[in-house]
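Secondary and tertiary structure notes
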Amino acid sequence: MQTAKRDIAVSMTGISKRFGPVRALENANLEIARGSILGLVGQNGAGKSTIIKVLAGIIKPDSGSIVINGETVSALTPASVEKLGVHFIHQDRLLVPTATVGEAVFLGHEIGLGPFVSRRAMERRAADLLKRFFGMELPSGTLVKDLTTAQQKVVQITRALAQKASVLVLDEPTAALVKREVDSLFDVLRRLRDDGIAVVFISHYMQEIEKLCDRVTVMRNGTDVGTVDPRQTPIDEIIAMMIARDVGEMFPKRSVELGAPVLEVSNLRLGGSFENIGFNVRAGEIVGLTGLLGSGAKEIVQCLFGLKTADGGQVKVEGRELSLSTPVRAVRDGIAMLPEDRRAHGVALGLSVRENISLASLRRYSRSGMVSRGAENQAVDGLIKELSIKTPHRDALVRELSGGNQQKVAIAKWLSCQSRVYVLDEPTVAVDVGAKVEIYNLLNRLAGEGAAILLLSSDLLELVGVCDRVLVVYRGRLAGSFSGPAMNSDELLAASSGARSNADGVAA
Amino acid sequence: MSASVLHTEVGVSDEKQAAAKSAGRRFGALVVRLGAIAAFAAIMAYFVVFAPGFTSTFNLINVVEQSAILGVLAYGMTSVIIGGGSDVTEGGIDLSIAANMGLCAAVYATLLSMGYGDFLSVVAAIGVGMAVGALNALAVVGLGILPLLATLAVLNVAAGMELTLTQNTVVGASSPLLGVLVSGSFLGISALAWALIVFSAIMIVVVHGTSFGLRLYAVGGHPEAARAAGISVPFYVSFTYVLSGFCAAVASILTVSRLSASTPGSGELLLSVLAAALLGTVFSRRFVPTMGGTLLSVLFIGLLANGFQLLNVSSYWVNGVQGALILLVVAITSFARGSEGSR
């Protein structure tokens, strides 16, 4: 990493892109040097994936220029980008499940004679490459769908290497890998860097960035806010660049008198996911729940939603035991839920704001089966105003709103039911900062009115800022309950990763 | 947020679990496949023992000849399912293929009866068949309509045009080409059987031996992955519908030769075509439609109808059995897919 003029492989300048009302990229720049590993970090929705998709030719930018190997290129397509030697390991495993390893590695660049392919040659070459780069041996003719997630990731990387990539972009490549696999992946990436390949490494894991990258570009709100050397810049500083906003300002303060326990969970277990989970959420309390992917935190929330059925244990709301066998039952039992995938479960995109909001509470505006439109409209307008949902009118389709406003509609739906328990699964993912603050305000208000709130989030700063208490799940067990000064992102992180357990006692 | 999370060693046990799961699934798929093949074999064995004359050379050749039309159509359907993916609701399917064949047969027979020669009539029939296929492609790829609905609509268009053209009557036809197809033979094998053999060989080589075929499977198996590999998904999908139309036209010539006429009611073949294309998946290790699998299913369905006939079972039963087979195969594939999704 000489400070002298580096050898630039890809240079993107002034890239902007909007999706309807959402500004995904705004004058973003990215410079990728040969023989080095560039980290790309940013919060969800900061534009990392979008700028990579622009480079991949999957998304057409509204403006900006891209120079690859000294040549200005326009109208990129996935095929033309690959011809230029730029290869992508997408976060989604873009492999055909019914293909063999050999077919998957050479798809689009088949080995054979004229139009005919030689499957045997492809299998053999793929096996050679897998052995050479990863020391991995698979039975010949193994189908992609029979591989583990990590093996599929490795096949994807092999695919790029088979085509002599000069720039290799990896989008969250380690998300599904275990440590040993991560280490061997890093070895491979370092080797590729030393061979002069430009590597871009997108990750949420700051330790990985610090360990692997020569430089790191930080993105925020659709633009790049700086490029630093991660070995000389403390992680905190990088995180501060990613957030920029003063944490205190982002997370409104509040003080609520906590009441009696409203949601009581005891001894909950689900085979293979978690066991012996017990906690309470009191009236007026916001309790955070967090854990790494696969820790079981997500599954706990899914059980409360009725999306998964627990193998045992008790869930009580205001002293009543719930069965929670289906989402319908969960709703009827007074649990208001905000699933992570709001498009799939949270709101009906094809319905209007009014219909969405009153969907769960139509009974309240109905008399003998007929909906009283006047009462409904009044209630809906009240909520639109209260939550400052930005919509042209109450009959606008939810599809036309921005992500944050869609999320607010999903919340409004439950407000109109006056639930006592709110369970939220990553409510601020892919929502812009402004809308985030409004959602935090809303949570505070709900708590202030005596609701019990359980917030599942992987955003540690969010948890610290919003919650009264945070529960950390590690390998299917509660590893700790943090509040007060012990509730900070370092502690939460340490507990999530199993480095530490328990601060002030699990049973609250 | 992104603020740094560490990696864990959840690893080893997970990996083992995944491996066990995958092995379990593979075993399940194997059981289903072997079970289906065993059922086929059992049915055939039953016919061999109880159906008089089932194994006679004459009878078997007869079955192969009868299967030629179904086979050609089933290849068209199979290519559409390969390219569109075998998802039951959103995947590729060409419901118009049998009606298209009826229309092409009507065009072919009408032109012949009006005195146009073989060449022109054949070209016209193939042109019409491919045009109907292109219409399907336009609806599915261009307009983004679900194949199930798009081709259902085109089915009605084609059937309506056939009726308009023939006034729902039988249009008799004879020509030198038809003469050869009816009575010609080479190496003791009739022309119709040759048609099936040659068509099968071409289809198997193109779909299973070329990079085109490999990419076609990729397009159907995971369109996003195909796109990321620089493959034009719309082109491949469109191609399969046009190919399906071409197959319909070729089958129409075979059907006119067999009946010496174009007759209404060709739409009834659709169920058999669909059954053949879907059943073929059980012969594949990957649970995908293959040309070889389709050929085996076509012969199986032909033998099934033939065996019922020899046993004096009403041929109406065959429809019921085919319907049940479709349900079974679709249920099995959905089940297999479901367990894949839960990983």
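Scroll up to find the structure.
Quantities reported herein were computed from a predicted structural model and do not represent experimental measurements. (Residues numbered from 1 in each chain as written. Chains lettered and ligands numbered in written order. Predicted model: local features only at pLDDT ≥ 70, side-chain atom pairs only at ≥ 80, totals over all residues. Heavy atoms only, no water.)

**Some points on the overall build of chain B**
Scanning chain B from N- to C-terminus turns up 13 helices and four strands. Buried residues in chain B amount to 49% of all 343 residues. Look at the contacts in chain B between residues 6 or more apart in sequence, and 78% of them connect residues 24 or more apart. Element-wise, carbon and sulfur atoms account for 71% of the exposed surface of chain B, whose accessible area totals about 14700 Å². (Helix = DSSP H or I, 4+ residues; strand = E, 2+ residues; numbered from the N terminus. Buried < 20%, exposed > 50% of the residue type's maximum accessible area, 1.4 Å probe, protein only. Contact = heavy atoms within 4.5 Å. Areas by Shrake-Rupley, 256 points an atom, 1.4 Å probe, with all protein chains shown as cover.)

**Some words on the overall build of chain A**
Within chain A one finds 18 helices and 24 strands. In chain A, which comprises 508 residues, the share counted as buried stands at 55%.

**Focus: the environment of phenylalanine 133 of chain A**
All names here are of chain A. With respect to the helices and strands, phenylalanine 133 occurs in helix α4 (residues 119-134). Classification of phenylalanine 133 by relative accessible area gives buried; the value is 15%. The spacing of phenylalanine 133 and arginine 191 is 58 residues in sequence and 9.3 Å in space, taken between C-alpha atoms.

**Comments concerning the nonpolar core**
Judged by nonpolar contacts, the single largest core of 147 residues is most densely connected at Phe134, Leu168 and Leu189 of chain A together with Met77 of chain B. If you tally residues by element for this core, the top one is helix α10 (residues 233-259) of chain B, at 13 residues. Other than its neighbours up to four places away in sequence, methionine 77 of chain B contacts Ile93, Asp94, Ile97, Ser244, Leu270, Val273, Leu274 and Ala277 of chain B. By size, the runner-up hydrophobic cluster in this structure holds 74 residues, among which are Ala336, Ile439, Phe482 and Met487 of chain A. (Core = buried A, V, L, I, M, F, W, Y, C linked by side-chain atoms within 4.5 Å.)

**Digging into the packing of aromatic side chains**
Residues and elements named next belong to chain A. Across all of its chains, the model carries 12 aromatic pairs over all chains by this definition. Look at phenylalanine 186 and phenylalanine 201: their rings are 5.6 Å apart centre to centre, the planes differ by 80 degrees, and that puts the pair in the edge-to-face class. Here phenylalanine 201 lies in strand β10 (residues 198-202) and phenylalanine 186 lies in helix α6 (residues 179-194), a separation of 15 residues in the sequence. The buried category is assigned to phenylalanine 186, whose relative accessible area is 1%. The buried category is assigned to phenylalanine 201, whose relative accessible area is 0%. (Phe/Tyr/Trp six-rings, centres within 6.5 Å; stacked < 30°, edge-to-face > 60°.)

**Let's talk about the environment of alanine 162 of chain A**
Mapped onto the elements of the fold, alanine 162 of chain A is located in helix α5 (residues 149-162). Separated by 57 residues in the primary sequence, alanine 162 of chain A and valine 105 of chain A have C-alpha atoms spaced 7.3 Å apart.

**Here's the deal with helix α11 (residues 270-279) of chain B**
With nine of 10 residues buried, α11 of chain B is to be regarded as a mostly interior element. Buried within α11 of chain B we find Leu270, Ser272, Val273, Leu274, Ala275, Ala276, Ala277, Leu278 and Leu279 of chain B.

**Things to note about empty space enclosed by the protein**
In this structure the tally under the stated criterion is six cavities of 30 Å³ or more. Here the largest cavity is characterised by a volume of approximately 320 Å³. Lining the largest cavity are 28 residues, with Leu94 and Arg159 of chain A together with Ala225, Ala228 and Ala229 of chain B positioned closest to its centre. Put simply, the parts of the chain that give the lining of the largest cavity at least two residues each are α2 (78-83), β6 (86-89), α3 (101-106) and α5 of chain A together with α8 (211-221) and α9 (223-228) of chain B. (1 Å grid on protein atoms, 1.4 Å probe; cavity = no way out; pocket = protein on both sides within 12 Å on 5 of 7 lines; lining within 4 Å. Points joined across faces, edges and corners; volume = space filled by probe spheres on them.)

**Some remarks on the packing of α4 of chain A against α5 of chain A**
All names here are of chain A. It is the contact of α4 with α5, at a shortest axis distance of 10 Å, that shows an interaxial angle of 105 degrees. Accordingly, the angle class assigned to the pair α4 and α5 is roughly perpendicular. Of α5, the residues touching α4 (which contributes Leu129, Leu130, Phe133 and Phe134) are Val154, Ile157, Thr158, Leu161 and Ala162. Each residue belonging to the contact of α4 with α5 can be placed in one class, and the counts come to eight nonpolar, one polar and no charged. (Axes fitted to C-alpha atoms, helices over the stretch in contact; angles between N-to-C directions. Parallel < 35°, antiparallel > 145°, perpendicular 65-115°, else oblique. Nonpolar A, V, L, I, M, F, W, Y, C, P; charged D, E, K, R; others polar.)

**Here we look at the pairing of strand β3 (residues 37-42) of chain A**
Residues and elements named next belong to chain A. The buried count for β3 comes to six of six residues, which makes it a mostly enclosed element. Judged from the four bridges that link them, β3 and β10 form a sheet pairing that is parallel. Bridge pairing links leucine 38 to valine 200 in β10. Where β3 meets strand β11 (residues 215-220), five bridges bridge the pair, whose relative direction is parallel. When the sheet's bridge partners are listed, glycine 42 is paired in β11 with methionine 219. (Pairing = 2+ DSSP bridges.)

**A closer look at the layout of surface pockets**
Residues and elements named next belong to chain B. In this structure, the second largest pocket occupies an estimated 980 Å³ of space. Mapped by element, the contributors of at least two residues to the lining of the second largest pocket are α2 (57-84), α3 (97-113), α10, β4 (261-262), α12 (291-310) and α13 (316-341). Residues belonging to the lining of the second largest pocket are distributed by class as follows: 13 nonpolar, 15 polar and two charged.

**Observations concerning the sheet that holds strand β13 (residues 261-270) of chain A**
Residue and element names in this part refer to chain A. Taken in spatial order, the four strands line up as β14-β13-β16-β17 in an open sheet, and their pairing is antiparallel. The strands lining the two open edges of the sheet, one partner per strand, are β14 (274-282) and β17 (320-321). Two elements, β13 and strand β16 (residues 312-317), share five bridges in a ladder whose sense is antiparallel. The residue of β16 that forms the bridge with serine 266 is glutamine 314.

**Points about the pattern of salt bridges**
If you walk through the whole model with that rule in mind, you get 16 salt bridges over all chains. With a shortest N-O distance of 2.7 Å, glutamate 110 of chain A and arginine 215 of chain B are connected by a salt bridge. Here glutamate 110 of chain A, found in the loop between α3 and β7 (112-113), pairs with arginine 215 of chain B, found in helix α8, and the two come from separate chains. Between arginine 190 of chain A and aspartate 187 of chain A there is a salt bridge, with its nearest N and O atoms 3.6 Å apart. Remark: aspartate 187 of chain A and arginine 190 of chain A occur in helix α6; sequence separation between them is three residues, near one turn of the helix. Using a relative accessible area of 44% as the deciding quantity, one classes aspartate 187 of chain A as partly exposed. Because the salt bridges share partners, they merge into one network encompassing Arg193, Asp194, Asp214 and Arg231 of chain A. (Salt bridge = Lys/Arg side-chain N within 4 Å of Asp/Glu carboxyl O.)

**Overview of a nonpolar patch on the surface**
All names here are of chain B. A grouping of Leu135, Leu138, Leu143, Ile145, Leu146, Leu148, Leu149, Leu152, Val157 and Met161 is seen on the molecular surface, where their side chains present a nonpolar patch of about 840 Å² in accessible area. Of all the secondary structure elements, the ones that give two or more residues to the nonpolar patch are α4 (118-142) and α5 (147-166). For leucine 135, the position within the fold is in helix α4. (Patch = residues over 30% accessible without salt bridge, like charges linked within 9 Å, V, L, I, M, F, W, Y side chains within 5 Å.)

**Looking at a positive patch on the surface**
A contiguous patch of positive charge, built from Arg125, Arg132, Lys164 and Arg191 of chain A, is present on the exposed surface. Relative to the helices and strands, lysine 164 of chain A resides in the loop between α5 and β9 (167-171). (Lys, Arg positive; Asp, Glu negative; His and termini not counted. Charge placed at Lys NZ, Arg CZ, Asp CG, Glu CD.)

**Some thoughts on the environment of alanine 276 of chain B**
Residues and elements named next belong to chain B. Inspection of the secondary structure puts alanine 276 in helix α11. Given the relative accessible area of 0%, alanine 276 is considered buried. Spatially, the C-alpha atoms of alanine 276 and leucine 73 are 9.5 Å apart, while their sequence positions differ by 203 residues. Residues within four places of alanine 276 in sequence aside, it is in contact with Ala74, Thr294, Ser297, Val298 and Ile301.

**Thoughts on the sheet that holds β9 of chain A**
Residues and elements named next belong to chain A. In spatial order, the strands read β6-β9-β10-β3-β11-β12; together these six strands make up an open sheet with mixed pairing. The two strands at the open ends of the sheet, each matched to only one other strand, are β6 and β12 (223-228). Neighbour-to-neighbour, the strand axes of this sheet turn through a mean angle of 20 degrees, independent of strand direction.

**Section: unusual backbone geometry**
The residue arginine 475 of chain A is not glycine, and still its phi comes out positive at about 50 degrees. Of note, arginine 475 of chain A is situated in the loop between β23 (469-474) and β24 (477-483). Arginine 475 of chain A gets classed as partly exposed once you look at its relative accessible area, which sits at 47%. Even without being a glycine, serine 260 of chain B presents a positive backbone phi close to 55 degrees. Residue placement: serine 260 of chain B occurs in the loop between α10 and β4.

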